[in-house]
Amino acid sequence: MINVEDFWSEAKNKLSITIQTISYEVWIDKLQPVCFVDGALILCTISQTAKRTIDSKYLDSIKEVVSSINSSVTDVVITTPDKKDEFINKQSVFLEHEGFVTTDNRSVASQPKKCPFLEKYTFENFVEGKSNTYALAACRTVAEEPGGRYNPLFIYSGVGLGKTHLLHAIGNFLYKNSPRTNVLYVSAETLMNELISVIRNKSNEENNRFREKYRSCDVLMIDDVQFLIGKDATQEAFFHIFNDLYHANKQIIITSDKSPKDLTTLEERLRTRFGWGLTVDIQSPDMETRIAILKNKAAQLKFTLSDDVAEFIAENATSNIREMEGLLNKIVFFSSLTNSVINTRELAYEALSDFIEDKKDTVDASDIVETVCKYFNITQADIFSKKKTKNIVEPRMIAIYLITEILPMPLVQIGEMFGGRDHTTVIHARDKVAEELRSDPKMKIIVADLKNMILKR
Ligand code: ADP
Ligand code: MG
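Worth saying up front: this structure is predicted, and the values here are computed from it rather than measured.

S.K.: Sorry if this is basic, but what is going on with the site of ligand 1 here?
M.R.: Ligand 1 sits among 19 residues. The nearest are Gly160, His165, Lys297, Arg322 and Glu325. Note that an oxygen atom of ligand 1 is positioned 3.0 Å from one of the backbone N or O atoms of glycine 162. Residue arginine 322 places a side-chain N or O atom 2.6 Å away from an oxygen atom belonging to ligand 1. Bound to the protein, ligand 1 loses 97% of the 560 Å² it would expose on its own. Its residues placed into classes, the shell around ligand 1 shows seven nonpolar, eight polar and four charged.

Structure follows, in structure tokens:
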């Protein structure tokens, strides 16, 4: 089944390069994907006025992009929060038809199903690196031997590191090699929406359909299970589905942004069950893997990516592969738009800075440094100096981190700005702050304060 969030996120990626930055941010970026109803993608905007603008100016572009990604999605409907539920109630019809991958007659439709998994998310297109070796190996084993050794398989990682890609890869693999296997992929959010609809409509028929759908699959994949936190009724329903499938030796695969033991606010009995099989994580990829991934994506786009440009992109997006792909897409688009070859760091910098012009126009690196100095009450001479006292080193690292976050400035250039430091020093400073942001609540507040001050100047 197509996951509406992933589908929309891919569409957004494409729209972000065809629609002007400002219009994109105002009209497209904030649209919420709701669900699919009979082949239409339903998107929610905040008001009737916004809906009118989007309908008249952007709907055609959205439709075009959406059907270019998957030809079975033929329409797009923009709705508003008050009407959203009507669509959620209707969505089961589409799910019923699209939910299963099977070529036999067990499912509703009699014709062979189109593969519902994203074509490009295959094992072949997944680049192996130190950061994902175990997760990849586990997924391959499960695809070859569902319900076997690793059940349930629990995969966790930060965002944009390949969990959904791996689930689709398993789906694609089974679709091709074992077409009789019923594979069901749902995001935890979809599961919840379906359940809400079942509860609300109090229809026995719908309830039976829901149970049948989940209990008759051979492989159940639940993406982003952290979404179930605080959703008691859905956890309860999932608990029963889990038990039935597990005891029937059906394969269950779950992804999450945290390990089972860190999902502390999820029901204990679910957490315990998640740990019964194999738990694997995906780490942030190292530089070498990031470059290999970029080369792989560029090859898919038939774009010749020079080593310099690959390095430049890989340096500027370190912890999220989706973000890295976004930068590559922009370069590819810019190159075709201007009909020019982009093969050096400088050209790449130019190409990318064009797309973030609005940001660049309002903030530059010296604004960031100035704000950080004021905040910590130190002088600019100090922050650029070689001084190593804690009260200078910390603001310096934070300033560097913020510059890398906010501006598309090459690391080498940042190093030069900070008293001729090497770009590896810049990387170190940035990563150190990023790491502290994860563990130290105080750092979170400092950085959030500073960002606020900088972006509201
Ligand atoms: P998550 O579900 O963990 O948030 P995704 O699976 O959506 O992440 O991955 C984000 C993007 O990064 C996708 O386009 C995916 O193809 C790509 N990606 C992630 N890891 C790899 C990898 N090892 N090789 C190739 N592409 C990858
Ligand atoms: Mg995902």
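Here the narrative resumes.
S.K.: Can you help me understand the sheet that holds strand E4 (residues 153–156) in this one?
M.R.: Spatial ordering of the open sheet is given by E5-E6-E7-E4-E8, a layout of five strands whose pairing is parallel. Every other strand in the sheet has two partners, leaving strand E5 (183–187) and strand E8 (278–281) as the edge strands with one partner each. Averaged over neighbouring strand pairs, the angle between their axes works out to 15° when direction is ignored.

S.K.: Would you mind going over helix H23 (residues 441–455) with me for this structure?
M.R.: Structural remark: α-helix, 3.6 residues per turn; residues separated by three or four positions point the same way. The terminal C-alpha atoms of H23 lie 21 Å apart, and with 15 residues this matches the ideal 21 Å at 1.5 Å per residue to within 8%. Residues of H23 that are buried include every one of Met443, Ile446, Val447, Leu450 and Ile454, and no others. Around the axis of H23, the buried residues are gathered within 90° of arc, so they sit on the same side. In H23, the exposed residues that point more than 90 degrees away from the buried face are Pro441 and Ile445. Buried-residue contacts for H23 involve helix H18 (365–376), helix H20 (390–406) and helix H22 (423–439). Near the N-terminus of H23, the side chain that reaches the backbone nitrogen of lysine 442, with its oxygen 2.9 Å away, is that of aspartate 440.

S.K.: For this particular structure, what's the right way to read the pairing of E4?
M.R.: Across four bridges, the pairing between E4 and strand E7 (residues 251–256) is parallel. The residue bridging tyrosine 156 from the neighbouring strand is serine 256, located in E7. In the sheet, E4 pairs with E8 via four bridges, with the strands oriented parallel. Bridge pairing in E8 links phenylalanine 154 to threonine 279.

S.K.: How should I be thinking about unusual backbone geometry in this particular structure?
M.R.: Leave glycine aside and you will find that most residues have negative phi; peptide bonds, for their part, are mostly trans. With omega at -10°, the peptide bond leading from asparagine 151 into proline 152 counts as cis. The topology assignment puts proline 152 in the loop between helix H7 (133–144) and E4. Positive phi, close to 45°, is recorded for lysine 202, a residue that is not glycine. Here lysine 202 is to be found in the loop between helix H9 (188–201) and helix H10 (204–215). Here lysine 202 falls in the exposed class, since its relative accessible area comes to 73%. Positioned with a positive phi, asparagine 339 is a non-glycine residue whose angle comes to about 55°. With respect to the element layout, asparagine 339 can be found in the loop between helix H15 (321–338) and helix H16 (345–355).

S.K.: Hey, could you run me through the nonpolar core in this one?
M.R.: Across soluble globular proteins, nonpolar side chains show a tendency to be buried alongside one another. One finds Met221 and Ile253 to be the most contacted residues of the largest nonpolar core, which totals 48 residues. The greatest single-element share of this core, amounting to seven residues, is contributed by H15. Inspection of this core shows a minimum of three residues originating in each of domain 2 (133–282) and domain 3 (287–352). Setting aside residues up to four positions removed in sequence, isoleucine 253 forms contacts with Val142, Leu153, Ile155, Leu167, Ile170, Val219, Leu220, Met221 and Ile222. By size, the runner-up hydrophobic cluster in this structure holds 31 residues, among which are Ala365, Ile398, Ala429 and Met443.

S.K.: Help me understand the domain arrangement of the protein, please; the structure alone is not making it clear to me.
M.R.: A common measure of how large an interface is: the accessible area buried when the components associate. Entries for the protein in the domain assignment read domain 1 (4–109), domain 2 (133–282), domain 3 (287–352) and domain 4 (365–455). Here domain 1 and domain 4 have C-alpha centroids that lie 40 Å from each other.

S.K.: Help me understand the confidence of the model for the protein, please; the structure alone is not making it clear to me.
M.R.: Note that predicted coordinates carrying low pLDDT should not be read in detail. A residue-level look at the protein finds 93% of positions with pLDDT of 70 or above and a mean pLDDT of 87. The secondary-structure element of the protein with the lowest mean pLDDT is helix H6 (residues 92–98), recorded at 41, while E4 shows the highest, at 98. Overall, residues 92–111 carries pLDDT values under 50, and its contacts beyond four positions in sequence, including any with other chains, amount to 47 contacts. Below a pLDDT of 50 lies the segment residues 356–360, which in the model reaches six contacts outside its immediate sequence neighbourhood of four places, other chains included.

S.K.: Looking at this structure, I do not really get the packing of helix H14 (residues 307–316) against H15. What am I missing?
M.R.: Packed helix pairs are characterised by how far apart their axes lie and by the angle those axes make with each other. For the pair H14 and H15, the least separation of the axes is 9 Å and the interaxial angle reads 140°. As summarised for this structure, H14 and H15 are arranged oblique, according to the angle between their axes. In this structure, the crossing between H14 and H15 has a hand that is right-handed. Contact residues: H14 offers Val309, Ile313, Ala314 and Asn316, while H15 offers Met324, Leu327, Leu328 and Ile331.

S.K.: What exactly am I supposed to notice about the packing of H20 against H23 here?
M.R.: Remark: H20 packs on H23, axes separated minimally by 11 Å, with the N-to-C direction vectors making an angle of 55°. Comparing their axes, H23 and H20 come out oblique. The two elements H20 and H23 meet at a crossing, and its hand is right-handed. Taking contact as the criterion, the partners of Glu394, Ile398, Tyr401, Leu402, Glu405 and Ile406 in H20 are, on H23, Met443, Ile446, Val447, Leu450, Lys451, Ile454 and Leu455. Across the contact of H20 with H23, the residue classes tally to ten nonpolar, no polar and three charged.

S.K.: Before we go on, may I ask you to explain the environment of arginine 200 in this structure?
M.R.: Inspection of the secondary structure assignment puts arginine 200 in helix H9. According to the relative accessible area criterion, arginine 200 is partly exposed, its value standing at 41%. Sequence separation between arginine 200 and proline 179 is 21 residues; the distance between their C-alpha atoms is 35 Å. Aside from chain neighbours lying at most four places away, what touches arginine 200 is Asp85 and Asn89.

So, how was this worked out
- Residues numbered from 1 in each chain as written.
- Chains lettered and ligands numbered in written order.
- Predicted model: local features only at pLDDT ≥ 70, side-chain atom pairs only at ≥ 80, totals over all residues.
- Heavy atoms only, no water.
- Near = heavy atom within 4 Å.
- Polar contact = N/O pair within 3.5 Å; in protein donor to acceptor, adjacent residues only side chain to side chain.
- Areas by Shrake-Rupley, 256 points an atom, 1.4 Å probe, with all protein chains shown as cover.
- Nonpolar A, V, L, I, M, F, W, Y, C, P; charged D, E, K, R; others polar.
- Pairing = 2+ DSSP bridges.
- Helix = DSSP H or I, 4+ residues; strand = E, 2+ residues; numbered from the N terminus.
- Axes fitted to C-alpha atoms, helices over the stretch in contact; angles between N-to-C directions.
- Expected span 1.5 Å × (residues − 1).
- Buried < 20%, exposed > 50% of the residue type's maximum accessible area, 1.4 Å probe, protein only.
- Arc of directions from axis to C-beta.
- Contact = heavy atoms within 4.5 Å.
- Core = buried A, V, L, I, M, F, W, Y, C linked by side-chain atoms within 4.5 Å.
- Domains from an automatic or database assignment.
- pLDDT = per-residue confidence, 0-100.
- Parallel < 35°, antiparallel > 145°, perpendicular 65-115°, else oblique.
- Left-handed = near helix turned anticlockwise from the far one by under 90°.

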